[in-house]
Amino acid sequence: MIPSKLIIMQHNEQSWISERIALSNIYNTIDPEIILINAHSLIDNKPLKIFNYNIFSTNKYNENHARAAIAIKRHIPFKLHDTFHSDMLAITIDTQQGPITIGTTYTPPRTEYLHFIDFYNLFNRPHPNYFFGDINTAHRTLGYIRNNNRGLHLYTFITRYQLRHIGPNFPTLYTHRSTTSPDIVLQNKHAYHNTHLKPEPLTPSDHIPIIATISANPIQIPIKQRRHLHKADWEKYKKILSTITPPTEHTPTLEEIDQYLDIWTEHLQEATGGRFWACRLIEPAVQDPYLPHSQSSSKPCTSSPATAISQPNPKPNPKPLTTLIPPILPSTPATLSRPAKASSYRVQLNTIDLAKPTDKQKIFEITFRVLNAPLIRLTTTRTGYYAVTDDVTSIDKLTSKKATTAFEKINLTPIIPPDLRAKRTVFIRQIDADIGLKPAEEIKNEIKRENDWLTVTEVIKIKNYTHLLKLVTTDNTTAQRLLRQGLYMFHTKITPQQCEQEKYTHILICYKCYKFEEHATHQCTSPTQHCSECSSKEHIYQHCTNLIKQCINCQGPHRTLAANCPYRKSIIRQKEETEQRQKQEQTHSTYAEIAKHAIQQTNPPQHTFTLTNQTHIKLTTLIIEAHIAALDKTKKFGDILTQFLKLNFNIDTTFPDSDSTAIFNFYYDKTDSQ
């Protein structure tokens, strides 16, 4: 069965033999219909196998760092083309709109030419043809500074046979000095489909996989939600900020003004992060985050056809040619909006000696010049500063070993945020008991010796669990690679299925009275600050000298913020269960149920009755009876009439205490006028 759209993955593997397990897991996770493999380096007709795929490979010259292969899902019928003179392969698939030919090859940098005959045989077909491959071409029209021989050959071929260059418009090769795009995607003049290219996550290879979507229908790209300020609960926002105490000094110093502004900014950010915003999709158009604005994925072709590569100096915003299909539509109606506010990330910098405060200018200088992690601001806290940045990669730099050494020279120490530490922490499950019994230091040294790319800062052994280990890595990138490909230790392979990232559940903590999930620190009404070490009210935790620890919440013999606190564990468990229950309710509810529930809340059912002659007489009789019954002053007229309407018309309402004579006269006058 042919799918309505084709998902094609092209990847330069470099070496299939050493990384075949990790690559197979990545390919099966992405699950494309077709995989185009370049440079897998298999010689002597060694087989290449991927589960659930038919694979065809070629290496006519039996060279290392060469060869190409095509893997296609077993349920898709196809025709193989392998009569080329070079290492080029192609397949033809019959779709509802007609046949499509997809080809690939790999041209290593040592080869100074492109095989014109094979490229001509591939593109000289009367139906759509697509080519994905790493041919290491460089030409000025492709964004390079200079041309090479392969780039000149490609330029000539594209202009002569009216091919279209459709990408990629993002780097596909990362080195220690630069990023380039040796991979290329081309289509012939008969192609009319919508195409969308995007990069996939990192793999053991230094090349980034390309994921291409080809469809004759519009390709919808999800749009992230943004805050809708017009429907926000501003009263709640105002209530949160009303608890902030303004400065009382008549002539404050510049330092006091700066400190108050920092505190006010921090409170604004905490209030803005609340859950009282109404969200909706308000993107003006569908934009691919990996493409420039001039090449939005809301167009059928991500770049201009042959003219985009044939002109020596293409314009910044080339107009795409008219195609035979409608453009790619956004998933929601377009609405103009302001750009979304950039995200911010922060690291706590604690002062080692509170008697020697650190100058802010020194912190900015170290983060900018030494760590290459520019900050957007520094927020003063009771124990030091919050270093705020808009780049998530800067968090790893600010908490690195180099940063710790640099900050210690100016009386500061960086504290890794708990959510970031959880992202760096990986659980290793189902390990051999003999490994689990070894000392943590021995396990750490073995991991370093067998995995040169993996640096583990700490190995934590779980008490009474010999089949479970906890590894803390140096950064988030290393942790993600560990989850993706596993590791080796003690001549044993740890598969990705045995690796699991630590889960972090955020709980609201007041750092004045140390209550959980009740209020923030700036909203605390406690007159004194507690010590989180011994629960004393006479000092704070920086000045605590008691050897006996005591929890404020459960009175146990441990710190208040200890991870093994039973009270803290119960709070986290309750929050996780609530979030999971809400997620299940949202997942299992149908659209009809959600709409019905919303209508019932907006318009509750109302009891009505038709005013006929019978109901008119009955209603008049009830008013007269209630009026007579209220004359003895034992019951109120409103209560009697409420009871009568409930018994006779099933109307559940409440009448206020009023003069029954006036109501009776008013009703009598209205009925006479009608």
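A few points on the structure. (Residues numbered from 1 in each chain as written. Predicted model: local features only at pLDDT ≥ 70, side-chain atom pairs only at ≥ 80, totals over all residues. Heavy atoms only, no water.)

## With respect to the sheet that holds strand β20 (residues 412–415)
Picture the strands of a sheet paired through backbone hydrogen bonds; they go either parallel or antiparallel.
Thinking step 1. If you walk across this open sheet you meet the 4 strands as β18-β19-β17-β20, and the pairing is antiparallel. A single partner strand is all that each edge strand has here, and the edge strands are β18 (377–380) and β20. The sheet shows a mean angle of 30° between the axes of neighbouring strands, taken without regard to direction.
Thinking step 2. As defined by bridge partners, strand β17 (residues 345–351) adjoins strand β19 (residues 384–389) across 6 bridges and the pair is classed as antiparallel. In the strand pairing of β19, Tyr-345 is matched with Thr-389.
Thinking step 3. Packed onto the sheet, helix α5 (residues 254–272) meets β17, β18 and β19 and runs at close to 100° relative to β18. (Pairing = 2+ DSSP bridges. Helix = DSSP H or I, 4+ residues; strand = E, 2+ residues; numbered from the N terminus. Axes fitted to C-alpha atoms, helices over the stretch in contact; angles between N-to-C directions. Contact = heavy atoms within 4.5 Å.)

## Re the pairing of strand β14 (residues 210–215)
Thinking step 1. Of all 6 residues that make up β14, 6 are buried, and the element is covered over most of its length.
Thinking step 2. Relative to β14, strand β1 (residues 5–12) runs antiparallel, the two sharing 6 bridges. Looking across to β14, one finds that Gln-10 is bridged to Ile-210.
Thinking step 3. Bridge count for strand β13 (residues 194–199) against β14 is 6 bridges, and the pairing is antiparallel. If you follow Pro-199 over to β14, its bridge partner there is Ile-210. (Buried < 20%, exposed > 50% of the residue type's maximum accessible area, 1.4 Å probe, protein only.)

## Focus: the packing of helix α2 (residues 116–123) against helix α3 (residues 149–161)
Thinking step 1. Between α2 and α3, whose axes approach to 12 Å, the crossing angle comes to 30°. Crossing of α2 over α3 shows right-handed handedness. For the pair formed by α2 and α3, the contact residues are Phe-116, Phe-119, Tyr-120 and Phe-123 on the first element and His-153, Phe-157 and Tyr-161 on the second.
Thinking step 2. Split into classes, the residues belonging to the contact of α2 with α3 amount to 6 nonpolar, 1 polar and no charged. (Left-handed = near helix turned anticlockwise from the far one by under 90°. Nonpolar A, V, L, I, M, F, W, Y, C, P; charged D, E, K, R; others polar.)

Fair warning: the whole summary comes from geometry, so function is off the table for now.
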